[in-house]
Amino acid sequence: MRRSTLSFSTALSSSLKKKHNVKQIVSFSSASNTLSSSSSSVSMPFKEKATASSSSSLPTNRKWYHSTPTTPSAAPKKSSAPPPRDTRLAGRRRFYKKVGITTTSPPWEQLNEKQLAAVVESPISAGVDNTPAGATGINTHTTPSFSSMQSLLLPTQPGLTTTIADKNDTEWYGITLDGKILRTPMGTTLTLPSITLALAIAAEWDAQTTTLNPANMPLTTLACTTLDQTTLDPSIAKQSCLNFLPNDTTCYLVDPTQDRILHKKQKKAWDGLHDWCVTHHLVDKPVVVVGSGVEGLLMSRARSNTSKSVGLPHPDSVTINAKAWMETLDAWHLTALASVCSEAKSFLVGMALISSASSFSSSSSTGGKATPFAKHTAKAVEASRVEEEFQIECWGLVEGGHDYDRLNCSIQIHSAQFLCGSLIPSSSCD
């Protein structure tokens with residue numbers, strides 16, 4: 001077989017020389033030998049295959065009867081730039097050994113040279129694939145002024161415009177990883193106005209074992225959001241909270257003649273909530289719909305061609321007083337409020353919880369009457385999940401769905417309550 005292949009190649013080469021008057025023919029015989037030696041090769045001999053025994057490679061344009069000199073390709077140059085910093089958090093291996101806290105400067109003051117030399121960049125990316133931002137509504141360009149940072153980050157009492165401590169009396173604490181101060185994803189020093197909050201966040205980082213799991217660090221998430229986003233543009237967080245007021249979930253009650261069990265659960269979970277909010281902040285009562293979803297849908301639609309407002313027709317004083325109350329909140333309370341409103345789908349639940357969670361709130365600020373969720377954060381979780389828990393009782397729990405939603409709601413609301421409750425100066429603990 002090998003001899004016949006060589007004879008065929010020699011005869012074909014001679015005929016081509018005479019027909020095309022070509023003096024040099026590429027090493028077709030070598031390619032033919034290679035192809036014939038493989039019993040599994042059934043492709044045409046003109047296919048571009050280079051072998052170690054070939055004196056030259058076949059041209060890629062398949063004009064095999066022309067000689068094309070080849071030059072060895074240059075090896076790609078290795079980049080001298082350092083590899084990009086691993087900024088992902090979820091799944092990243094723990095890269096530190098010791099976690100601690102230390103006193104530091106307020107976030108509106110620049111760190112000195114000694115402090116800058118002992119800073120560790122945050123492993124949390126500010127966005128997807130290390131982009132500046134990974135979600136809509138994230139502000140990455142605005143730089144807050146000295147006065148705005150000072151007024152937003154000094155803890156205040158909800159409902160009052162005065163701070164709970166003088167700016168010079170508030171002690172600030174930072175989280176250290178192997179002795180280096182931790183920064184937020186946007187590069188701000190993770191500075192906290194309470195030693196209680198600092199110890200809790202340090203415990204979150206120390207609890208990470210082999211890999212980092214951001215779902216187990218809700219307080220870190222709230223603190224970084226406060227320093228990186230709420231302080232830069234508090235109007236985004238305020239509007240996000242206010243959007244839940246027109247269609248507040250506590251303003252929709254089922255008709256007792258249609259479902260008396262669910263109606264009873266709603267009344268129990270939301271008992272006294274509207275009355276407390278009206279007495280202390282809203283003045284007027286919000287509109288409540290009792291009936292099927294059709295009545296609520298008709299009432300919550302846009303009420304005129306000129307107005308784009310959609311939602312229940314609450315009195316204007318309700319919205320105005322809600323905005324005025326949010327103006328008294330510092331950035332820490334505002335971030336916690338946004339977290340609760342998002343989970344409860346209710347502005348009123350968030351207002352009551354934030355007011356009751358502040359450990360420095362006095363009886364005078366609440367009229368001597370305790371808030372509906374005073375010392376009972378579990379009641380706020382229950383008020384946030386009335387309908388869903390009722391559906392679980394009727395139809396059963398879906399594993400991997402309902403149980404995760406229940407756990408996440410509890411974590412977010414308890415974390416927001418703890419954040420507000422820990423904003424008390426160490427001097428007030430004496």
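Residues numbered from 1 in each chain as written. Predicted model: local features only at pLDDT ≥ 70, side-chain atom pairs only at ≥ 80, totals over all residues. Heavy atoms only, no water.

Trainee: Teacher, can you tell me more about the overall build of the chain here?
Mentor: Per the secondary structure count, the chain includes 16 helices and seven strands. Classification of the 430 residues of the chain by burial places 40% in the buried group. For the chain, long-range pairs separated by at least 24 residues make up 70% of all intrachain contacts whose partners lie at least 6 apart in sequence. As displayed, the chain has an accessible area near 24,200 Å², and 54% of this comes from carbon and sulfur atoms. (Helix = DSSP H or I, 4+ residues; strand = E, 2+ residues; numbered from the N terminus. Buried < 20%, exposed > 50% of the residue type's maximum accessible area, 1.4 Å probe, protein only. Contact = heavy atoms within 4.5 Å. Areas by Shrake-Rupley, 256 points an atom, 1.4 Å probe, with all protein chains shown as cover.)

Trainee: Explain the confidence of the model for the chain to me, please; I cannot follow it from the model alone.
Mentor: Do not read the fine detail of predicted coordinates wherever pLDDT is low. Summing up the model confidence of the chain, the mean pLDDT is 74 and the portion of residues at 70 or higher is 60%. The element-level mean pLDDT for the chain is lowest in helix H2 (residues 28-37), coming to 40, with helix H5 (residues 195-206) highest at 96. Of the regions scoring below 50 in pLDDT, residues 22-67 engages in 46 contacts with residues more than four places distant in sequence or in other chains. Confidence drops under a pLDDT of 50 for residues 125-141, and excluding neighbours within four residues, the segment shows 26 contacts in the predicted structure. (pLDDT = per-residue confidence, 0-100.)

Trainee: I keep staring at helix H7 (residues 234-242) and nothing clicks. Help me out?
Mentor: Every α-helical turn comprises 3.6 residues, leaving residues that sit three or four positions apart pointing alike. Restricting attention to buried positions, one finds in H7 the residues Pro234, Ala237, Lys238, Cys241 and Leu242. When H7 is viewed along its axis, its buried side chains cluster within an angular range of 135° and face the same direction. (Arc of directions from axis to C-beta.)

Trainee: Would you take a moment to explain the environment of aspartate 178 for this structure?
Mentor: With respect to the secondary-structure elements, aspartate 178 resides in the loop between strand S3 (172-177) and strand S4 (180-182). Since its relative accessible area comes to 41%, aspartate 178 is described here as partly exposed. Among the polar contacts made by the side chain of aspartate 178, one reaches the main-chain amide nitrogen of lysine 97 at a distance of 2.9 Å. (Polar contact = N/O pair within 3.5 Å; in protein donor to acceptor, adjacent residues only side chain to side chain.)

Trainee: Would you mind going over the packing of aromatic side chains with me for this structure?
Mentor: By convention here, two paired aromatic rings are described through the distance between centres and the angle between planes. The final tally for this structure, using the stated rule, is three aromatic pairs. Ring plane angle 85° and centroid distance 5.1 Å describe the contact between phenylalanine 95 and tyrosine 96, whose orientation is recorded as edge-to-face. Note on tyrosine 96: relative accessible area 4%, which makes it buried. Pairing tryptophan 325 with phenylalanine 347 gives two aromatic rings, centres 6.2 Å apart and planes at 85°, and the pair type is edge-to-face. Pair noted here: tryptophan 325 is in helix H11 (residues 316-326) and phenylalanine 347 is in helix H13 (residues 347-357), with a separation of 22 residues, a long-range link. Judged on exposure class, the residue tryptophan 325 and its partner phenylalanine 347 are both buried. An aromatic cluster is present here, built from Phe95, Tyr96 and Trp205 joined pairwise through their rings. Stacked on the ring of phenylalanine 95, the Lys or Arg arginine 92 has its end atom at 4.4 Å from the ring centre. (Phe/Tyr/Trp six-rings, centres within 6.5 Å; stacked < 30°, edge-to-face > 60°. Lys NZ or Arg CZ within 6 Å of the ring centre and 35° of its normal.)

Trainee: Any chance you could explain the environment of alanine 237 here in plain terms?
Mentor: Considering the arrangement of structural elements, one finds alanine 237 in helix H7. Alanine 237 gets classed as buried once you look at its relative accessible area, which sits at 13%. Sequence spacing of alanine 237 and threonine 335 is 98 residues, and the spatial spacing of their C-alpha atoms is 7.0 Å. Discounting residues that sit within four places of it in the chain, alanine 237 has contacts with Thr230 and Leu334.

Trainee: Looking at this structure, how should I read the pattern of salt bridges?
Mentor: Side-chain pairs of opposite charge can arise whenever the charged atoms involved come near each other. A full pass over the atoms with the stated rule returns seven salt bridges. The closest approach of N and O atoms between lysine 265 and glutamate 393, which form a salt bridge, is 3.5 Å. A residue pair is termed long-range when its members are at least 10 positions apart, and lysine 265 in helix H8 (residues 260-269) and glutamate 393 in helix H15 (residues 386-395) qualify at 128 residues. A residue is classified by how much of its surface remains accessible, and lysine 265, at 29% relative accessible area, is partly exposed. (Salt bridge = Lys/Arg side-chain N within 4 Å of Asp/Glu carboxyl O.)

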